[in-house]
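Single-letter residue listing:
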Amino acid sequence: MHNKSVAELSRELESGAISSVELTRQLLDRIKREDGAYNSFITVTEEEALADAKAADEQRATGKATPWTGVPFAHKDIFCTRGVRTTCGSKMLENFVPPYDATVTANFRRAGAVCLGKTNMDEFAMGSSTESSYFGATTNPWGEQRVPGGSSGGSAAAVAARLVPAATATDTGGSIRQPAALCGITGLKPTYGRVSRYGMIAFASSLDQGGTMARTAEDNAMMLNVMAGFDPNDSTSVDRIVPDYTASLDEPLKGLRIGLPKEYFSDQLSPAMEEQVRNAVREYEKLGATVKEVSLPDARLAIAAYYVIAPAEASANLSRFDGVRYGYRCEDPKDLMDLYTRTRAEGFGDEVKRRILVGTYALSAGYFDAYYLKAQKVRRLIQQDFISAFREVDVLMSPTSPSPAFRQGEKTNDPVTMYLEDIFTIAVNLAGVPAMSVPAGFVDGLPVGLQIIGDYFSEARLLNAAHQFQQVTDWHQREPQ
Amino acid sequence: MQWDIVIGLEIHVQLATRTKIFSGSSTAYGAEPNTQANAVDLAMPGTLPVPNEQAFRYAVMFGLAVNAEIERRSVFERKNYFYPDLPKGYQTTQLERPIVGPGYVGIDLENGETKRVRIHHAHLEEDAGKSLHEDFHGMTGVDLNRAGTPLIEVVTEPDMNNAAEAVAFARKLHGIVTSLGICDGDMSQGSMRFDVNISLKPKGSDKLGTRTETKNLNSFRFMEQAIAHEVERQMDILEDGGTITQETRLYNGDRDESRSMRTKEEANDYRYFPCPDLLPVEIDEAFIEEARASLPELPDARKARFMEQYGLNDYDASLLASDSRLAAFFEETVKHGKDAKLAANWIQGEFSARLNAEGKSVAQSPVSGKQLGDLVVRIADNTISSAGAKKVFEALWTGENDDVDAIIEAKGLKQVSDTGELEKMVDEVLAEMPDQVAQYQQEEDPKKRKKMLGGFMGPLMKASKGQGNPKLFNEILQKKLG
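Residue numbering note: each chain is counted from 1, following its sequence as written. The lettering of chains begins at A and the numbering of ligands begins at 1, in the order of writing. Per-residue local features of the predicted model are confined to residues with pLDDT of at least 70, and side-chain atom pairs are confined, for both listing and counting, to 80 or more; whole-chain, interface and lining totals are unaffected and use all residues.

## Points about the overall build of chain B
Per the secondary structure count, chain B includes 15 helices and 15 strands. Relative to a compact globule of 482 residues, whose C-alpha radius of gyration would be 23 Å, chain B shows 29 Å and is clearly more extended. The C-alpha extent of chain B, read off along each of the three principal axes, is 90 × 55 × 55 Å. Any residue surrounded by 20 or more other C-beta atoms within 10 Å of its C-beta is treated as buried, while 12 or fewer makes it exposed and the intermediate range makes it partly exposed; C-beta atoms here are placed from the backbone. Out of the 482 residues belonging to chain B, those deemed buried represent 40%. C-beta atoms are placed from the backbone for every residue, and two residues are taken to be in contact when these atoms lie within 7 Å. Residue pairs at least 24 apart in sequence account for 69% of intrachain contacts in chain B once pairs closer than 6 positions are excluded. Helix and strand assignments come from DSSP, with helices taken as H or I runs of at least 4 residues and strands as E runs of at least 2, each series counted from the N terminus. Radius of gyration: C-alpha atoms only; globule rule: 2.2 Å multiplied by the number of residues to the exponent 0.38.

Written out as structure tokens, the structure is:
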């Protein structure tokens, strides 16, 4: 049962082959048994899950069910869950229990899905390896001592390890796609504004986007059906019709125009990785797609611009964690300044502090123009690059990450090397376009992800392209041993 | 040495929206601490701001009322600093792209001229909460009810040259925002707060001196005092050969003292940047035209109308038109009392004095415009004397009785205006005072005669038990005495 997809489980719940309570119990047992090895969950909500499963079974019995009624899944611990602690991977929020649901959380609740718990992540989503979590690192199910990627490494590992069929995630610079690639699953970062950010703890507001993780493209489509849409509580969410993302999965790919950005097939990519990606592209050609080389000339500036803009926004977003109203507070502050400095010194981890410092610096008087304004100009250039590219092609394809899962501890002392993990994913966030990572092979027994990038609001086309690929390949079905 | 005083103002105007600028919490004043603060106001993780359209409408109305450009695209920025009553650790405000661009307001000077005070810009922002230092021993309480209340901050050019001009401008702005209905104008509750920038320069010099900013003045009286105080302070320093430090100062109105809050060197680097949670605000022509169409009568237009319609002089019209509630009270009084000049005198005299004495606003007056109008009618038709009218007003104010005629009846204040009866009383009194009559008739100086005439009034009022019409007594006396 743990190997089944959301679509399959939905059908079995509908047919009565299994009840949500049975299914939920099985997966909770599996988490108990196996998650010790991965540490993919920060919090498992057994009691709530069983109660929700029971309610879902009753709902099914009335004949008024959604495809998600009774289907188990997990939330990245960045989405606020009413009554269930939401830590964002930080000591700062170790005991924070929100009195409200994120819009994404509320949407899944309304759909009748059963949340089994909250998954591990890099602290405040800052990282590419899920090693900066206050609750310990998550391990990639594909290799002992291998990182699952990050920041959504807990969600990716939980899905790869078959602890849940699907999990929510967020992506600010690659935090869905890179862990999806490293764990051999399918993940989608939607267009900025497609999914509400309300109740999703902010890292960098202009880049953060909630998205989906599951083993199949079809399941990603089912998730997006629940998550996407305008939210009056998020002024940056976009009021635009939400299609049924599962409806177009089966459309043929004949005539699909694929562009390969030459900047993403550079010498930073190992020949072994490149071979896997090119093999995948050849599969698309067999499906009737055409392929041409394109250019994203300013993509090389993406990391530099990102590491100004994201920390700048984060430095302000994280100011609210001051020990005054909620969250961690230092012991016996002697005055206000002591309360602030010790609360934040003790409550935040190193990577978070590093980014707050970088962001504060970039916004400071005398540096603002050279850093923040310049980075915003670069951002516009990068947006233009994508807009130009999508005049020529329908989708762009590239590797998701420069290499497969690296070893735990390998990059933790070298932030810049760690930042380069996102070299192929970051430009997408700066432009705000949607992108997926789809399992596309293995190097040294570790999964490789194919990144598919689309034009604004082309999620249906991306999911269709991924789904068609998954009809002729089985990389996404491979199970870690 | 002679000095020129240069004054510019920054005014925070709390907008009278029902809910906050970025959340659905109520903005009502005076609730229990922290009962009007929701997850957004508390800056709980993941919460996001949603702009309140009404705040933009009010800002646009304000802009139109002060002859300003409305910026079609305005941008919210984050002003970063840590303080316990600032939940997000930044204030959402506008800097580079404010919603209201340059404009101006005319103020009436004492010499009868009108002076134009330019407005540099006005921007929308959120108010902070309140830190309560008094009620918690050794600790500070934080009340976030006010956090997120919409404000417009109005910034003037340094166009005012003395305290009277600054106060005139402040009063004018108060009249404008209350007339627009975008602010309740209640300064004691902080609905309008003034920061005053003051500098001095040698008379005639065109080079501005170093300025100080005195913050958070919440009454016109304190503002006037604070300016006088600061001008004197700066003058003393300059005349002793010293230099002014650019700084922010706090003025204590009860003690007429000020102290430095922070100098320029200690000023924060606020690290402003555009707020990524809020899209730029696009204001279209239709929105502006809708706001324009909804503009009520403003003080300048109202003043002109009062002069035209009621025959008031410049001074009375200006005063009564300055405040929309006072103006409405005046018009209600005239509606029932007919005599506009008499109504104006009563409102500016007895009525305003009583309000001030009890610290009440027009809205809190126990006497209605209709009641005062009824009273005016009885004064105008000579039913009561002005002394009697004061007694009626007192009874209305204290709530002893709410009907003017009933009070007049009950208190026996009706004056005798029957000339036959009055003439009889005059004859009797004059007969008892032959010496004074003779003296009067011998006197040639009209001034002295007038004074002597008054000497007969006391006995006459006594004879009439206070009910004789003094005006008629006067006429009869003059006739009889020749």
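Let us keep going from here.
## Some thoughts on the overall build of chain A
Secondary structure assignment for chain A yields 15 helices and 11 strands. In summary, chain A has a C-alpha radius of gyration of 21 Å against a globular reference of 23 Å for 481 residues, a match within 12%. By principal-axis analysis of the C-alpha atoms, chain A measures approximately 65 × 55 × 45 Å. Long-range pairs, those at least 24 residues apart, make up 76% of the contacts in chain A with a sequence separation of at least 6.

## Observations regarding the UniProt feature "domain: Amidase" (unreviewed entry) in chain A
UniProt positions are given in the numbering used here, feature names are shortened, and annotations may be inferred rather than shown by experiment. In the UniProt entry, the feature "domain: Amidase" (unreviewed entry) is given for residues 22-463 of chain A. The distance from the first to the last C-alpha atom of residues 22-463 of chain A is 30 Å, and the span holds 38% helix and 14% strand.

## Structural notes on the UniProt feature "domain: Asn/Gln amidotransferase" (unreviewed entry) in chain B
Within the UniProt annotation, "domain: Asn/Gln amidotransferase" (unreviewed entry) is assigned to residues 328-481 of chain B. The span residues 328-481 of chain B shows a helical share of 75% and a strand share of 0%, and its end C-alpha atoms are spaced 47 Å apart.

## Regarding the sheet that holds strand E4 (residues 90-94) of chain B
Residues and elements named next belong to chain B. Strand order in this open sheet of three strands is E4-E3-E14, and the pairing throughout is antiparallel. Each having just a single partner strand, E4 and strand E14 (273-274) make up the two edges of the open sheet. Where strand E3 (residues 76-80) and E14 come together, two bridges link them in antiparallel fashion. Along E14, the bridge assignment pairs arginine 78 with phenylalanine 273. Pairs of strands are assigned from DSSP output, requiring at least two bridges between the strands.

## As for the UniProt feature "active site" (unreviewed entry) in chain A
All names here are of chain A. According to UniProt, the feature "active site" (unreviewed entry) maps to Lys76, Ser151 and Ser175 in the numbering used here. For the annotated residues, spread through 100 residues, the largest C-alpha to C-alpha distance comes to 11.2 Å, consistent with a single compact locus. In this fold, lysine 76 is placed in strand E2 (residues 72-76). Among residues more than four places away in sequence, those in contact with lysine 76 are Thr119, Met121, Ser152, Gly154, Ser155, Ala167, Thr168, Ala169 and Thr170. Note on placement: serine 175 falls in the loop between strand E4 (166-171) and helix H6 (177-183). With 37 C-beta atoms counted inside 10 Å, the residue serine 175 sits in the buried group.

## What to know about the interface of chain A and chain B
Listed per partner, the contact involves 36 residues of chain A and 26 residues of chain B. Going through the elements one at a time, helix H9 (302-317), helix H10 (336-347) and helix H11 (350-363) of chain A are the ones with two or more residues in the side of chain A that touches chain B. Of the residues forming the side of chain A that touches chain B, the biggest block, three residues, is contributed by H9 of chain A. Lys, Arg, Asp and Glu make up the charged group, whereas Ala, Val, Leu, Ile, Met, Phe, Trp, Tyr, Cys and Pro make up the nonpolar group; the residues left over, Gly among them, are polar. In terms of residue class, the side of chain A that touches chain B is made up of 21 nonpolar, nine polar and six charged.

## Concerning the domain arrangement of chain B
Residues and elements named next belong to chain B. Partitioning chain B into structural domains gives domain 1 (3-290), domain 2 (297-411) and domain 3 (419-481). At the interface, nine residues of domain 1 touch nine residues of domain 2. Mapped onto the side of domain 1 that touches domain 2, the elements with two or more residues apiece are strand E5 (103-108) and helix H2 (163-180). Broken down by element, the residue count for the side of domain 1 that touches domain 2 peaks at six residues, all from H2. Either an automatic procedure or a domain database provided the assignment from which the domain bounds are taken.

## Brief notes about the environment of leucine 27 of chain A
Checked against the element boundaries, leucine 27 of chain A lands in helix H2 (residues 20-38). Those residues in contact with leucine 27 of chain A that sit more than four places away from it in its chain are His2, Pro72, Leu116, Leu163 and Val164 of chain A.

## Comments concerning unusual backbone geometry
In this structure, the amide linkage connecting glycine 150 of chain A to the following residue, serine 151 of chain A, adopts the cis form with an omega of 10°. Tracing the chain through its elements places serine 151 of chain A in the loop between strand E3 (114-119) and helix H5 (153-160). Phi angles above zero are rare outside glycine, and cysteine 88 of chain A is one such case at about 55°. Among the structural elements, cysteine 88 of chain A can be located in the loop between E2 and helix H4 (103-111). Residue asparagine 216 of chain B is not a glycine yet carries a positive backbone phi of 60°. Positionally, asparagine 216 of chain B belongs in strand E11 (residues 212-217). Asparagine 216 of chain B sits in the partly exposed class, given 16 other C-beta atoms within 10 Å.

## Considerations on the sheet that holds strand E1 (residues 3-14) of chain B
Residue and element names in this part refer to chain B. If you walk across this open sheet you meet the eight strands as E5-E6-E9-E1-E10-E11-E12-E13, and the pairing is mixed. Each edge of the open sheet carries a strand with a single partner, namely E5 and strand E13 (257-263). Between one strand axis and the next, the sheet turns through 30° on average, direction left out of account. Two elements, strand E12 (residues 247-252) and E13, share six bridges in a ladder whose sense is antiparallel. Within the sheet, the bridge partner assigned to threonine 248 lies in E13 and is arginine 262. Contacting E5, strand E6 (114-126) and strand E9 (150-156), helix H1 (residues 53-65) runs over the sheet at an angle of about 170° to E6. Geometry is summarised by axes, namely lines fitted to C-alpha atoms with helices restricted to the contacting stretch, and by angles between N-to-C directions that run from 0 to 180 degrees. The strands touched by H2 are E1, E5, E6, E9 and strand E10 (192-202); relative to E5, the strand with the most contacts, the crossing angle is about 115°.

## Remarks on the pairing of E11 of chain B
Residue and element names in this part refer to chain B. Across four bridges, E10 lies against E11 in antiparallel orientation. Among the inter-strand pairings, phenylalanine 194 is bridged to a residue of E11, identified as leucine 217. As for the winding sense of the linkage, the β-α-β connection from E11 through helix H3 (residues 220-239) to E12 is left-handed. Whether a crossover is right-handed depends on one test, that the path from the first strand over the helix to the second runs clockwise when the strands point away from the viewer.

## Brief notes about the pairing of E5 of chain B
A regular strand carries its side chains on alternate faces of the sheet. All names here are of chain B. Residue alternation in E5 divides its side chains into a buried set, Gly103, Val105 and Ile107, and an unburied set, Tyr104, Gly106 and Asp108. The pairing of E5 with E6 spans six bridges and is classified as antiparallel. The residue bridging glycine 103 from the neighbouring strand is isoleucine 119, located in E6. Where E5 folds back on E6, the antiparallel hairpin that results is connected by five residues, among which glycine 112 adopts a positive phi of roughly 90°.

## Points about H1 of chain B
Residues and elements named next belong to chain B. Helix span, as expected, comes to 1.5 Å for every residue beyond the first. Relative to the 18 Å expected for 13 residues at 1.5 Å per residue, H1 spans 19 Å between its end C-alpha atoms, a close match to the ideal helical length. Counting buried residues along H1, 10 of its 13 residues qualify, which places the element largely inside the surrounding structure. All of the buried residues along H1 are Ala55, Phe56, Tyr58, Ala59, Val60, Met61, Phe62, Gly63, Leu64 and Ala65. Where H1 is buried, its residues contact E5, E6, E9, H2, strand E15 (281-282) and helix H4 (285-293). Just downstream of H1, asparagine 67 is the residue with a positive phi angle, here 60°.

## Some details on the packing of helix H5 (residues 299-310) of chain B against helix H6 (residues 314-321) of chain B
Residue and element names in this part refer to chain B. Two numbers describe how H5 lies on H6: the axes approach to 8 Å, and their chain directions differ by 135°. Classified by the angle their axes make, H5 and H6 are oblique. In the crossing of H5 with H6, the sense of the turn from one axis to the other is right-handed. Here H5 contributes Pro299, Arg302, Lys303, Phe306 and Met307 to the contact with H6, which in turn contributes Asp314, Ala317, Ser318, Leu320 and Ala321. A breakdown of the residues in the contact of H5 with H6 according to their chemical character gives six nonpolar, one polar and three charged. Our angle categories are set so that under 35 degrees counts as roughly parallel, over 145 as roughly antiparallel, 65 to 115 as roughly perpendicular, and the remainder as oblique. Left-handed is the label given to a crossing in which the near helix is rotated counterclockwise from the far helix by less than a right angle, and right-handed is the label when the rotation is clockwise.

## Looking at the nonpolar core
Remark: nonpolar core denotes a set of buried Ala, Val, Leu, Ile, Met, Phe, Trp, Tyr and Cys residues whose joining runs through C-beta atoms within 7 Å. Residues Ile452 of chain A together with Phe62 of chain B are the most contacted members of the largest nonpolar core, which totals 202 residues. Setting aside chain neighbours within four positions, we find isoleucine 452 of chain A in contact with Val395, Met397, Ala435, Met436, Val438, Leu462, Ala465 and Ala466 of chain A. Residues Leu312, Leu375, Phe393 and Val404 of chain B belong to the second largest nonpolar core, which totals 32 residues.

## Considerations on the environment of serine 175 of chain A
A C-alpha to C-alpha distance of 32 Å links serine 175 of chain A and leucine 339 of chain A, two positions 164 residues apart in sequence. Beyond its immediate sequence surroundings of up to four residues, serine 175 of chain A is in contact with Ala125, Gly150, Ser151, Ser152, Ala169 and Thr170 of chain A.

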